[in-house]
Amino acid sequence: MKGDKAAGRILDAAAVAALKFRKSIGTRPQRPAKSYAEMKSIFESPLPEVPGDGEAVIKELAEKADEGLQMATGPRFFSWVVGGSHIVGMAADWLTSAWGQNTANHHAAPSAAAAETAAAGWLLELLDLPRESSVGFVTGATVANFVCLAAARDEVLRNAGWNADADGLFGAPPITVLIGDDAHTTVFSALQFLGLGHDRVVRIATDTQGAMQIPAFAEAIAKVNGPAIVIAQTGQINTGAFDNFVDIVPLAKNAGAWLHVDGAFGLWARASSTTRHLAAGIEGADSWATDGHKWLQTPYDSGYAIVRNELAHRRAVTIAASYLPLAAEGERDPTHYVPELSRRARGFATWAMIKHLGRSGIAAMVERHCHVARVMSAMLAAEPGIEILNDVVLNQIVVRFGSGERTERGDQLTRDTITRIQSDGECFAGGAIWRGRQIMRLSVISWETDVDEGKRSAEAIIRAWRIVKQLPEARTQ
Ligand SMILES: *Cc1c(COP(=O)(O)O)cnc(C)c1O
């Protein structure tokens, strides 16, 4: 190799910087020290006209980026439902880049393809989904939803005598799309990308937790006549609520609809005997989207598109070319299950994380996070003026500040408390709108978070709230 010594120094510099950062995650503020505008002025400079030394570039990058780093790897980060980029997954990801495998087909990249095949089998076992399903390794649940719904769209039209792959949607029989009113925004985006329209859907009324109301669903699906897709979810983004699959599956089947499940994080409830019941019956669906970079703690980008009907999956996204050898019967080409051709070997990090944690380690992690969520919500609920608005069935807590009033004043108090918590930096949480009102959402899902970190964070939140409610502007608003 050209420049052996330089390569060693460059990789060492990256490892040293990475370790330094990871060692600091428990003690530094759980928020970026600098804003985007400040970081822009740090990063922006005239286009380099001449080569720069590799080691110096990596050191400069690590130094420059440090103060603008979001703390999702930290132990007290609860904003957004995102994993903590576990060190084992990260190391596997470094090797993935070092090996530089173009993971399109199994002839060209045998190890990358085989690691995916093995990891796909493990995923189906862990999540207890039909073992005949195919798994596409995509960038995240957004693209997983897209791939699954592409398969759904093609298959329901094929059953109606229409080939959407070849002929597109012009003149195709209309598809009825039924979706819960509290579905994740990215599912609507997937519908948009697929030509199905994010508004051209039948929205099903939901209950207080965001799960589809079964009588409303039954009534809507009884009206279906022709191709139909039902989109349900495990793990509502705010509340963590699950749709009721025991009732939904037979109703969808009876109508001949394709049932898709967005289970970006909630599908991992299947990995523990204590939460498995929440997703009872889900194996009766036709496709499932989930993430690796959430509860499995792989680095970004990692999501899985899982489809029971392998042929429908392959038909919807296969890319064929004369110079790409076709997989023989029984052989799996990674590209056949994703919209991309050239891409990184995502299977390595997934394989490494499952191998490292094992079935029992994954179950224990899910249980730990759910336990921390219950502990934190109990501590918060005991404080006057703090209200928990959801049933804490999983890892999600919906918090509201201000004596129970559903008013603009309560919205403002909640926003002020969030701002205070973020600037204190002891823990990090963000806001969302739930049922038309401002809330703070806590997602307990980072690998580093345990019960002590959860308690410390709940105390910080309570401290922030006590200060906010004393502020004169809060009282007069
Ligand atoms: C995070 C999430 C998504 C989107 O997943 P990405 O990994 O961000 O692409 C979709 N649905 C739900 C319920 C989610 O929590």
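Structural data are supplied above this passage.
Residues numbered from 1 in each chain as written. Predicted model: local features only at pLDDT ≥ 70, side-chain atom pairs only at ≥ 80, totals over all residues. Heavy atoms only, no water.

Asker: Honestly, the pairing of strand 9 (residues 396-401) in this entry has me stumped. Any pointers?
Answerer: Regular strands show a simple pattern: their side chains alternate between the two faces of the sheet. With 6 of 6 residues buried, strand 9 lies mostly within the body of the structure. Alternating residues of strand 9 divide into Gln-396, Val-398 and Arg-400 and Ile-397, Val-399 and Phe-401, and every residue in both groups is buried. Bridge count between strand 8 (residues 386-388) and strand 9: 3 bridges; the pairing is antiparallel. Pairing of Ile-386 across the sheet is with Phe-401, part of strand 9. (Buried < 20%, exposed > 50% of the residue type's maximum accessible area, 1.4 Å probe, protein only. Helix = DSSP H or I, 4+ residues; strand = E, 2+ residues; numbered from the N terminus. Pairing = 2+ DSSP bridges.)

Asker: Help me understand the layout of surface pockets in this model?
Answerer: Where empty space is left in the structure can be found by rolling a water-sized probe over the atoms. The calculated volume of the largest pocket comes to roughly 1200 Å³. Lining the largest pocket are 36 residues, and of these Ala-14, Ala-17, Ala-18, Phe-21 and Trp-94 sit closest to its centre. Elements with a minimum of two residues in the lining of the largest pocket: helix 1 (4-24), helix 3 (54-65) and helix 4 (87-99). In terms of residue count, the dominant contributor to the lining of the largest pocket is helix 1 (12 residues). For the lining of the largest pocket, the per-class residue count stands at 22 nonpolar, 7 polar and 7 charged. (1 Å grid on protein atoms, 1.4 Å probe; cavity = no way out; pocket = protein on both sides within 12 Å on 5 of 7 lines; lining within 4 Å. Points joined across faces, edges and corners; volume = space filled by probe spheres on them. Nonpolar A, V, L, I, M, F, W, Y, C, P; charged D, E, K, R; others polar.)

Asker: I'm lost on the pattern of salt bridges in this one. Help?
Answerer: Opposite charge on two side chains permits them to pair, given that their charged atoms come into close proximity. Counted according to the given criterion, the structure contains 31 salt bridges. Of the charged contacts, one joins Glu-387 and Arg-406 as a salt bridge, the two residues approaching to 3.2 Å between their closest N and O atoms. Residue Glu-387 is found in strand 8, and its partner Arg-406 is found in the loop between strand 9 and helix 13 (408-424); the two are separated by 19 residues along the sequence. Salt bridges sharing common partners tie together Asp-128, Arg-131, Arg-270 and Glu-283. (Salt bridge = Lys/Arg side-chain N within 4 Å of Asp/Glu carboxyl O.)

Asker: Could you clarify how one ought to interpret the sheet that holds strand 6 (residues 287-291) in this entry?
Answerer: For sheets, the rule is that strands pair by backbone hydrogen bonds, running either parallel or antiparallel. Judged by pairing direction, the sheet is mixed, and its 7 strands sit side by side in the order 1-7-6-5-4-2-3 without closing on themselves. Two strands lie at the open edges of the sheet, namely strand 1 (134-138) and strand 3 (202-204), each paired on one side alone. Taking each pair of neighbouring strands and ignoring which way they run, the sheet shows an average axis angle of 20°. Bridge count between strand 2 (residues 176-180) and strand 4 (residues 228-233): 4 bridges; the pairing is parallel. Looking at the pairing, Ile-179 lines up with Ile-231 of strand 4. Its contacts with the sheet put helix 10 (residues 245-254) on strand 4 and strand 5 (258-262), and the angle it makes with strand 5 is roughly 150°. (Axes fitted to C-alpha atoms, helices over the stretch in contact; angles between N-to-C directions. Contact = heavy atoms within 4.5 Å.)

Asker: Even after reading the chapter, I still don't get the state of the cysteines, so can you show me in this structure?
Answerer: A disulfide bridge is the covalent bond that connects two cysteines by way of their sulfur atoms. Summed over the entire model, instances satisfying the criterion amount to 0 disulfides. Left unpaired, Cys-427 is separated from the closest cysteine sulfur, that of Cys-370, by 19 Å. According to the relative accessible area criterion, Cys-427 is buried, its value standing at 1%. (Disulfide = S-S within 2.5 Å.)

Asker: Looking at this structure, I do not really get the packing of helix 13 against helix 14 (residues 451-470). What am I missing?
Answerer: Pairs of packed helices are described in terms of their axes, by the angle between the two and the distance that separates them. One way to put it is that helix 13 packs onto helix 14 with a least axis distance of 9 Å and a crossing angle of 125°. Considering their axes alone, helix 13 and helix 14 lie oblique with respect to each other. When you trace helix 13 past helix 14, the crossing you get is right-handed. Between helix 13 and helix 14, the contacting residues are Leu-413, Asp-416, Thr-417, Arg-420, Ile-421 and Asp-424 on the first element and Ile-461, Ala-464, Trp-465, Ile-467 and Val-468 on the second. Among the residues forming the contact of helix 13 with helix 14, the class breakdown is 7 nonpolar, 1 polar and 3 charged. (Parallel < 35°, antiparallel > 145°, perpendicular 65-115°, else oblique. Left-handed = near helix turned anticlockwise from the far one by under 90°.)

Asker: Any chance you could explain helix 8 (residues 185-193) here in plain terms?
Answerer: The periodicity of an α-helix, 3.6 residues per turn, causes residues three or four positions apart to be oriented the same way. Those residues of helix 8 that fall on the buried side of the exposure criterion are Thr-186, Val-187, Phe-188, Ala-190 and Leu-191. A positive backbone phi angle near 75° is found at Gly-195, which sits one or two residues after helix 8.

Asker: Whenever I open this one, the packing of aromatic side chains confuses me. Can you help?
Answerer: Two numbers describe a pair of aromatic rings. These are the distance of the centres and the angle of the planes. If you walk through the whole model with that rule in mind, you get 8 aromatic pairs. Consider the rings of Phe-77 and Trp-80, whose centres lie 5.9 Å apart with planes at 50°: the pair is tilted. The ring centre of Trp-447 lies 5.0 Å from the NZ or CZ of Arg-368, which sits over that ring. The ring of Trp-434 has Arg-435 lying over it, and the distance from NZ or CZ to the ring centre is 4.0 Å. (Phe/Tyr/Trp six-rings, centres within 6.5 Å; stacked < 30°, edge-to-face > 60°. Lys NZ or Arg CZ within 6 Å of the ring centre and 35° of its normal.)

Asker: Is there a simple way to explain the site of the ligand in this structure?
Answerer: Lining the immediate surroundings of the ligand are 13 residues, of which Thr-142, Asp-262, Asp-291, His-293 and Lys-294 lie closest. In this structure, a nitrogen atom belonging to the ligand sits 3.5 Å away from a side-chain N or O atom of His-184. Lys-294 has a polar side-chain atom sitting 2.9 Å from an oxygen atom of the ligand. Notes on the ligand: free accessible area 370 Å², of which the protein chains cover 85%. Split by residue class, the shell around the ligand holds 4 nonpolar, 6 polar and 3 charged. (Near = heavy atom within 4 Å. Polar contact = N/O pair within 3.5 Å; in protein donor to acceptor, adjacent residues only side chain to side chain. Areas by Shrake-Rupley, 256 points an atom, 1.4 Å probe, with all protein chains shown as cover.)

Asker: What exactly am I supposed to notice about helix 4 here?
Answerer: For helix 4, spanning 13 residues, the distance from its first C-alpha to its last is 18 Å, which sits close to the expected 18 Å at 1.5 Å a residue. For helix 4, the set of buried residues is Gly-89, Met-90, Ala-92, Asp-93 and Thr-96. The buried side chains of helix 4 occupy one side of the element, clustering within an arc of 160° when seen end-on. In this structure, the buried residues of helix 4 make contact with helix 1 and helix 12 (347-381). In the stretch just after helix 4, Gly-100 is the one whose phi turns positive, near 50°. (Expected span 1.5 Å × (residues − 1). Arc of directions from axis to C-beta.)

Asker: Please explain the sheet that holds strand 11 (residues 437-443) as it appears in this structure.
Answerer: Across the sheet, which stays open at both edges, the 4 strands sit in the order 8-9-11-10 with antiparallel pairing between neighbours. Of all strands in the sheet, those with a lone pairing partner are strand 8 and strand 10 (430-434), marking the two edges. Strand-to-strand twist of the sheet, defined as the mean angle between neighbouring strand axes without regard to direction, takes the value 40°. As judged from the 5 bridges shared by strand 10 and strand 11, these two strands associate in the antiparallel manner. Considered in strand 11, the bridge of Trp-434 is made with Arg-437.

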